[in-house]
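Letter by letter, the chains look like this.
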Amino acid sequence: MFEKLGFNDKNFRAKNAAIPVIYYIYHNNLCDSIVKPTYSSAERKTIAQWLILTFIKSVFGGQTDSVLVTMRKVLKECESKAFPAKSLMDAFKNDPARNYSFDDDFIDGLLESQKDSNEAFYILHLMYPNMDYYNQDFHQDHLHPATVFQTPEKLEASIPECDRDFAADSKNWNSIANLQLLNGLMNESKNDTPLKEWANSKGFTNDQLYVKKTTSLDIKDFATFIADRKEVIKKYLKKVVGGIQDEIIETDRLILRHWTESDAESLYEYAQDPDVGPIAGWLVHTSVENSLGVIRNIFNSEECYAICEKTNDIAIGAIELKLNGHTVMTERDDECELGFWIGKPFWGKGYVPEAAKAIINHGFNDLGMSTVWCGYYDGNDKSKRAQEKIGFVYHH
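Residues numbered from 1 in each chain as written. Predicted model: local features only at pLDDT ≥ 70, side-chain atom pairs only at ≥ 80, totals over all residues. Heavy atoms only, no water.

**Description of the overall build of the chain**
Test applied: Segments assigned H or I by DSSP are reported as helices when at least four residues long, segments assigned E as strands when at least two residues long, and all are numbered from the N terminus. The size measure is the radius of gyration over C-alpha atoms, and the globule rule it meets is 2.2 Å times the number of residues to the 0.38 power. Exposure classes here rest on a 1.4 Å probe applied to the protein chains alone. A residue is buried below 20% of its type maximum, exposed above 50%, and partly exposed in between. Working rule for contacts: check all heavy atoms of both residues, and any pair within 4.5 Å makes them a contact. Exposure was quantified through the Shrake-Rupley algorithm and a 1.4 Å probe, taking into account, for residues, occlusion by the shown protein chains and nothing else. His is not counted, nor are the chain ends, whereas Lys and Arg count as positive and Asp and Glu as negative. Charge coordinates come from a single atom per side chain, which is NZ of Lys, CZ of Arg, CG of Asp or CD of Glu.
A tally of helices and strands in the chain yields 17 helices and eight strands. By the compact-globule yardstick of 21 Å for 396 residues, the chain fits well, its C-alpha radius of gyration being 22 Å. Overall, the chain is about 65 × 55 × 40 Å in size when its C-alpha atoms are taken along their principal axes. Within the chain, buried positions represent 49% of all 396 residues. In the chain, of all internal contacts separated by at least 6 residues, the share reaching a separation of at least 24 is 69%. Put simply, the chain shows about 19,800 Å² of open surface, and 49% of that area lies on carbon and sulfur atoms. Computed over 44 positive and 59 negative side-chain charges, the separation of the two mean positions in the chain equals 4 Å.

**Section: the sheet that holds strand β3 (residues 249-250)**
To be explicit about the condition: Criterion used throughout: strands pair if DSSP finds at least two bridges between them. The axes are straight lines fitted to the C-alpha atoms, using for helices just the contacting stretch, and the angles between their N-to-C directions are given from 0 to 180°.
Read from one edge of the open sheet, six strands run β3-β4-β5-β6-β7-β8, paired in mixed fashion. At either end of the open sheet lies a strand with only one pairing partner, and these are β3 and β8 (371-374). Note: strand β7 (residues 335-342) against β8, four bridges, orientation parallel. Among the inter-strand pairings, E335 is bridged to a residue of β8, identified as T371. Of the strands in this sheet, β7 and β8 touch helix α17 (residues 381-390), which is tilted by about 125° from β7.

**Remarks on the nonpolar core**
This is how it is decided: Definition of nonpolar core: a set of buried residues of the types Ala, Val, Leu, Ile, Met, Phe, Trp, Tyr and Cys, connected through side-chain atoms within 4.5 Å.
Grouped together as the largest cluster of nonpolar side chains are 56 residues, with contacts concentrated most on F7, W50, L51, M71, M127 and I176. A per-element tally of this core places helix α2 (residues 41-56) first, with eight residues.

**Some remarks on the packing of helix α16 (residues 351-365) against α17**
Our working rule: In what follows, roughly perpendicular refers to angles from 65 to 115 degrees, roughly parallel to angles under 35, roughly antiparallel to angles over 145, and oblique to any angle outside these ranges. We call a crossing left-handed when the near helix sits turned anticlockwise from the far one by less than a right angle, and right-handed when that turn is clockwise.
Interaxial distance between α16 and α17 falls to 9 Å at its minimum, and their mutual angle equals 50°. One element, α16, and the other, α17, form an angle in the oblique class. Classified by chirality, the crossing of α17 by α16 is right-handed. Note on element contacts: α17 touches α16 through A386, K389 and I390, opposite V352, P353, A356, K357 and I360.

**So, the packing of helix α14 (residues 264-271) against helix α15 (residues 288-297)**
Where α14 meets α15, the closest approach of the two axes is 8 Å, and the angle between their N-to-C directions is 110°. Taken together, α14 and α15 sit at an angle that is classed as roughly perpendicular. Where α14 abuts α15, its residues A264, E265, L267 and Y268 lie against V288, S291, L292, V294 and I295.

**Concerning the pattern of salt bridges**
This is how the line gets drawn: Counted as salt bridges are all cases of a side-chain nitrogen of Lys or Arg within 4 Å of a carboxyl oxygen of Asp or Glu.
This structure, assessed with the given rule, holds 18 salt bridges. Residues K73 and E77 are paired through a salt bridge, measuring 2.8 Å at the closest nitrogen-oxygen approach. Remark: E77 and K73 occur in helix α3 (residues 65-77); sequence separation between them is four residues, near one turn of the helix. With relative accessibility at 52%, the residue E77 sits in the exposed group. Put simply, K190 and D141 hold a salt bridge, and the shortest N to O gap is 3.5 Å. Of the two residues, K190 is situated in helix α11 (residues 184-190) and D141 in strand β1 (residues 138-142); the sequence distance between them amounts to 49 residues. Here K190 and D141 have matching classes, each one buried. Taken together, the shared-partner salt bridges connect K212, D228 and E231 into one network.

**A closer look at α2**
Our working definition: Expected helix span is taken as 1.5 Å per residue step, with the number of steps being one fewer than the number of residues.
For α2, built from 16 residues, the straight-helix expectation of 22 Å at 1.5 Å per residue is met to within 8% by its first-to-last C-alpha distance of 23 Å. Across the 16 residues that make up α2, a large majority, 16, are buried.

**Side note on the packing of aromatic side chains**
Defined as follows: Ring pairs shown here join Phe, Tyr and Trp side chains whose ring centres sit within 6.5 Å, with only the six-membered ring taken for Trp; geometry is labelled stacked below 30 degrees between planes, edge-to-face above 60, and tilted in between. Two conditions define a charge located above a ring, namely a distance within 6 Å from the ring centre to NZ of Lys or CZ of Arg, and an angle within 35 degrees of the ring normal.
Taken as a whole, this structure holds 20 aromatic pairs when the rule is applied. Relative to F83, the ring of W50 lies with its centre 5.5 Å away and its plane at 65°, an arrangement referred to as edge-to-face. Placement of W50 in helix α2 and of F83 in the loop between α3 and α4 (85-90) is noted, with a sequence separation of 33 residues between them. Taken together, the aromatic side chains of F2, F7, F12, F55, F121 and Y122 make up a single cluster linked through ring pairs. The side chain of K57 reaches across the aromatic face of F102, ending 5.4 Å from its centre. If you follow K190 out to its NZ or CZ, it ends over the ring of W198, 5.6 Å from the centre.

**Considerations on the side chain of H258**
Let me state the cut-off plainly: In protein, a polar contact means a hydrogen-donor-capable atom and an acceptor-capable atom, both N or O and within 3.5 Å, with residues adjacent in sequence counting only if both atoms are side-chain atoms; elsewhere, any N or O pair within 3.5 Å suffices.
One can find H258 in the loop between β4 (254-257) and α14. Looking at H258, its side chain comes within polar contact range of the side chain of K45, at 3.4 Å.

These figures come from the coordinates and say nothing about function on their own.
Now the structure itself:
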């Protein structure tokens, strides 16, 4: 199981960290189901993130008997079958040596982690949690090619003189701020291609590269690129550490979780129906590969969730809070737009209102939204009725 999460003998640095996971599996009778493809991908992601944070903070450094006792107590008292990552972290919040707090100075140090180090792997794993780490070979890749910084002639030709010392420092060009994860084939094809050219050819957005929308990908702007990317990654890491279970929203019958590449087949199953997409403003999906591209490039925003029945964790629809910059309905940071659809076999079950009320509460209570907007295309009476059931009132 740990190999499926992307770990090996080198990066699984504290073997005792496996004990709480094994106890959780045994205590919840998951020995058979957890290794099957049908097991919740969101739960696997939570376990992987908890392990990574545990390794980064060296929670199992030194004598670990008391650590294991505390963790076993948390696991025994947990009433939910979900892996209690947040509770395990909270149990050590008052321990000065083993807490999971990540202050700015600590994160700044992590962002200087060098290529191919364990620390670099941990941070990149957190940044790219939906990769298929078991079936693909992933490489740590320089966004701006390393040859620019290792060759004096290229450095002089590419970087303004005022920024050359900064660019030549390995803490900048060879660290997390200039690294990404790519599968082996894509890494080989990228090779020394300039970042701006490569991103354009692959259709990657700045969001996917963990930089601001206004950040230049041109090599001459390397210093600004690194500063902006550090800021974005730091914000992301704080969100992960702040509560890795908060990314799963539960209702009576449903789980809302982030999309993963393994959802491509179920997405295609429902999104190929001509009665679903066009009336909501998007094209019918034409293949599993088409659906995989949507997961990678559209359903990858931080507040886009797959709607799943609790009984099987299969994606049957999508729901999203579209934040400022991703919607035309508002230009305010404290307002967002609700978007949703669900597969035709699940129409009439009340799933959309149930999911929508939960994600709206998340928007108000966790994201600090003051207003949530929603809209529908002319003729989409089903969406209109669903919005009325949710509680939306016509505005314009």
